[in-house]
Amino acid sequence: MIKALAYVVISTPKLTEWCAIGTSLIGLQVDVLNQGAAVRMRMDDKIQRLLVLPTDGNPKLTMGFEVENEAALAQTTVDLNRAGYSVFSGTADEIALRGVANMFYFIDPDGARVEVAWGLKDAGSALQPGRPIGGFRTGELGIGHVALGTAQHSEMSALYKDTLHFKTSDYGNTLFPIEFLHVNPRHHTLGLANTGRGAAVHHLMLEYNDWDDVGRAYDMALEKPESIAVSLGRHINDHVTSFYLYTPDGWMLELGWAGRLIDDDWQVEDLAGLSLWGHDRSWLPQDKRDEAKKILKMLSARGLRAPIALPTETLEKKASGIKDE
Ligand SMILES: [Fe+2]
C-alpha cells in the first residue's frame, strides 16, 4: 500500500533557475551533487525530497511514492502487473541518487513515469533551510500533493483507486472536472483534473509549518508579478491557504499552509467550487475566471467559512523540544 508522496524527481533544462528559486524563495536546502549533474533539495530530515536533474529535453515531474518495505514493493508490483502495467527496476545509480533502499517505476496511461520506493534515507544532519523558515509539514503526510492534468481521466482514476488503493477525498465539476485522492491523513496526495490542456503536470503543493513563511514567499513573488500563477486564496476542500508560482519549467508550485487532516470517517463531497476566497487563476481563460469570481461571491453570500487546523511543530520548536499541546 502506498503511504505517501515521498519525493519528486524534476527533470529540467533550467537547473540554475531551480537552484535559485529553491534556496531563496522556497527556502529548501539545496545540495549540489556531482558538479551540477544532480541536485538534492531537502525539506526535512530526509536526504532529499526534490531530486532535480538537468535535461536537454522536455521538463518533467515524476512522483516518487513510498511503501513500507520490500514486501510492500513486491505486492505493489503484483497489483500493477495484474492491471496490465509493466514494472521496471530502478538502476543502481537511480536508487543511489534518490537515497532509497529500492525503487521501481512504471508508465501511467498518460505516458508519464511514476516511481514507487521504500527506505528513503535520513540526511544525517539538521536541515539548513535556504532562508530562515519554520520548516515544512512532511512526515507521515508526505511532502505535499501533485495535481495532474490528464487526457485519460477514467484510466488514471482506475489506476490510482483500483490498483494503487488511493481513496477518494472529493470531486468537483465547477471550473473543470477534478477528483482528489488520499493515501494518508493529508486531504489529498493527488488531484486528477480535466483542465482541457491534456496530460501535463499541473502543480506541486508544498506546505510550510508557519503562515508567515507563505507571506514572505508571496512578498518575494510579488516582486515579479508575472511569476504568480494563482493569487493568494484558500481552498474549499483541504482548507490550505496558498498561492501558486510558475516554476522555471512552466508548471506551477503551490506554497501553502494549514491543510486539514482527514480520517476514516471522511465523507466524499461534490464540491461547490475550488476555493473559499482568492485564488484568481491567471492560467484560466477569461470566461472561466469570471465564472470562478461568481462562485466566490455565491459562497461568500452563503457565509461558507472553515476553521483553521494549526499544523505541526516548527523547526525551532522541534530543536528546543517544545511540543504542541
Ligand atoms: Fe493544490
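Just so we're clear, the structure is a prediction, and the values are computed from it rather than from any experiment. (Residues numbered from 1 in each chain as written. Predicted model: local features only at pLDDT ≥ 70, side-chain atom pairs only at ≥ 80, totals over all residues. Heavy atoms only, no water.)

A few points about the overall build of the protein
For step 1, the next point in the chain: A tally of regular secondary structure across the protein gives seven helices and 18 strands.
For step 2, the next point in the chain: Here the protein holds 325 residues, and 53% of them are scored as buried.
For step 3, the next point in the chain: For the protein, the proportion of contacts with a sequence separation of at least 24, taken over those separated by at least 6, is 67%.
For step 4, the next point in the chain: Of the roughly 14400 Å² of accessible surface on the protein, 52% is carried by carbon and sulfur atoms.
For step 5, the next point in the chain: With 32 positive and 43 negative side-chain charges, the protein shows a spacing of 3 Å between the two charge centroids. (Helix = DSSP H or I, 4+ residues; strand = E, 2+ residues; numbered from the N terminus. Buried < 20%, exposed > 50% of the residue type's maximum accessible area, 1.4 Å probe, protein only. Contact = heavy atoms within 4.5 Å. Areas by Shrake-Rupley, 256 points an atom, 1.4 Å probe, with all protein chains shown as cover. Lys, Arg positive; Asp, Glu negative; His and termini not counted. Charge placed at Lys NZ, Arg CZ, Asp CG, Glu CD.)

A word on the side chain of Thr 76
For step 1, the next point in the chain: When you line up the elements, Thr 76 lands in helix α2 (residues 70-82).
For step 2, the next point in the chain: Take Thr 76: its relative accessible area is 4%, and that puts it in the buried class.

So, empty space enclosed by the protein
For step 1, the next point in the chain: Inspection of every chain in the model, using the stated rule, returns three cavities of 30 Å³ or more.
For step 2, the next point in the chain: Size it by volume and the largest cavity reaches roughly 170 Å³.
For step 3, the next point in the chain: Contributing to the lining of the largest cavity are 18 residues, with Ile 178, Phe 180, His 203, His 235 and Tyr 244 lying nearest its centre.
For step 4, the next point in the chain: When contributions to the lining of the largest cavity are tallied by element, the ones reaching two or more residues are β9 (144-149), β11 (178-182), β13 (200-208) and β14 (228-235).
For step 5, the next point in the chain: For the second largest cavity, the lining is made up of 13 residues, of which Arg 186, His 187, Glu 207, Gly 259 and Arg 260 are closest to its centre.
For step 6, the next point in the chain: Among the residues forming the lining of the second largest cavity, the class breakdown is four nonpolar, four polar and five charged. (1 Å grid on protein atoms, 1.4 Å probe; cavity = no way out; pocket = protein on both sides within 12 Å on 5 of 7 lines; lining within 4 Å. Points joined across faces, edges and corners; volume = space filled by probe spheres on them. Nonpolar A, V, L, I, M, F, W, Y, C, P; charged D, E, K, R; others polar.)

With respect to the pattern of salt bridges
For step 1, the next point in the chain: Per the stated rule, a full pass over the model turns up eleven salt bridges.
For step 2, the next point in the chain: Glu 115 is the partner of Arg 98 in a salt bridge, and the nearest nitrogen-oxygen pair spans 2.6 Å. Here the residue Arg 98 occupies a position in helix α3 (residues 92-98), and Glu 115 occupies one in strand β8 (residues 113-118), the gap between them amounting to 17 residues.
For step 3, the next point in the chain: Residue Arg 98 is classed as buried on the basis of its relative accessible area, which comes to 3%.
For step 4, the next point in the chain: Residues Arg 113 and Glu 115 are paired through a salt bridge, measuring 3.0 Å at the closest nitrogen-oxygen approach.
For step 5, the next point in the chain: On the basis of relative accessibility, which here comes to 0%, the residue Glu 115 falls in the buried class. (Salt bridge = Lys/Arg side-chain N within 4 Å of Asp/Glu carboxyl O.)

A short note on the coordination of the iron ion
For step 1, the next point in the chain: Protein coordination at the iron ion: the donors are His 145 (NE2), His 203 (NE2) and Glu 254 (OE), at 2.0 to 2.2 Å from the metal.
For step 2, the next point in the chain: Read from N- to C-terminus, the donor residues coordinating the iron ion fall into the pattern H-x57-H-x50-E. Pair noted here: His 203 is in strand β13 and Glu 254 is in strand β16 (residues 252-257), with a separation of 51 residues, a long-range link.
For step 3, the next point in the chain: The exposure class assigned to His 203 is buried, which follows from its relative accessible area of 7%.
For step 4, the next point in the chain: Using a relative accessible area of 0% as the deciding quantity, one classes Glu 254 as buried. (Donors = N, O, S within 2.8 Å, 3.2 Å for Na, K, Ca; no water.)

Some remarks on the sheet that holds strand β10 (residues 167-172)
For step 1, the next point in the chain: Ordered by their spatial adjacency, ten strands build an open sheet running β17-β10-β11-β12-β9-β13-β16-β15-β14-β18, and the pairing between neighbours is mixed. The sheet is open, and its two edges are formed by β17 (269-271) and β18 (275-278), each paired on a single side. Pairwise comparison of adjacent strand axes, ignoring direction, gives a mean angle of 25° for this sheet.
For step 2, the next point in the chain: Summarising the sheet, β13 and β16 pair through six bridges and their orientation is parallel. Counted as the bridge partner of Leu 206 is Leu 255 from β16. (Pairing = 2+ DSSP bridges. Axes fitted to C-alpha atoms, helices over the stretch in contact; angles between N-to-C directions.)

Section: unusual backbone geometry
For step 1, the next point in the chain: Phi is positive for Ala 258, close to 65°, though the residue is something other than glycine.
For step 2, the next point in the chain: A positive phi is found at His 279, a non-glycine position, where the angle reads about 55°.
For step 3, the next point in the chain: Checked against the element boundaries, His 279 lands in the loop between β18 and α6 (286-302).

Considering the layout of surface pockets
For step 1, the next point in the chain: Empty space within the largest pocket amounts to approximately 490 Å³.
For step 2, the next point in the chain: Taken together, 26 residues line the largest pocket, and the ones lying closest to its centre are Pro 59, Lys 60, Leu 61, Ala 112 and Val 201.
For step 3, the next point in the chain: Listing elements by their share of the lining of the largest pocket, those giving two or more residues are β1 (4-12), β5 (60-66), β8, β9 and β13.
For step 4, the next point in the chain: In terms of residue count, the dominant contributor to the lining of the largest pocket is β5 (four residues).
For step 5, the next point in the chain: For the lining of the largest pocket, a count of residues per class yields 13 nonpolar, six polar and seven charged.

Focus on the pairing of strand β7 (residues 102-107)
For step 1, the next point in the chain: Sheet topology places strand β6 (residues 88-89) next to β7; two bridges connect them, and they run antiparallel. Bridge pairing in β7 places Phe 88 opposite Tyr 105.
For step 2, the next point in the chain: Relative to β8, β7 is paired through six bridges, and the arrangement is antiparallel. By the bridge assignment, Asn 102 is partnered in β8 with Trp 118.

These figures capture arrangement, not role.
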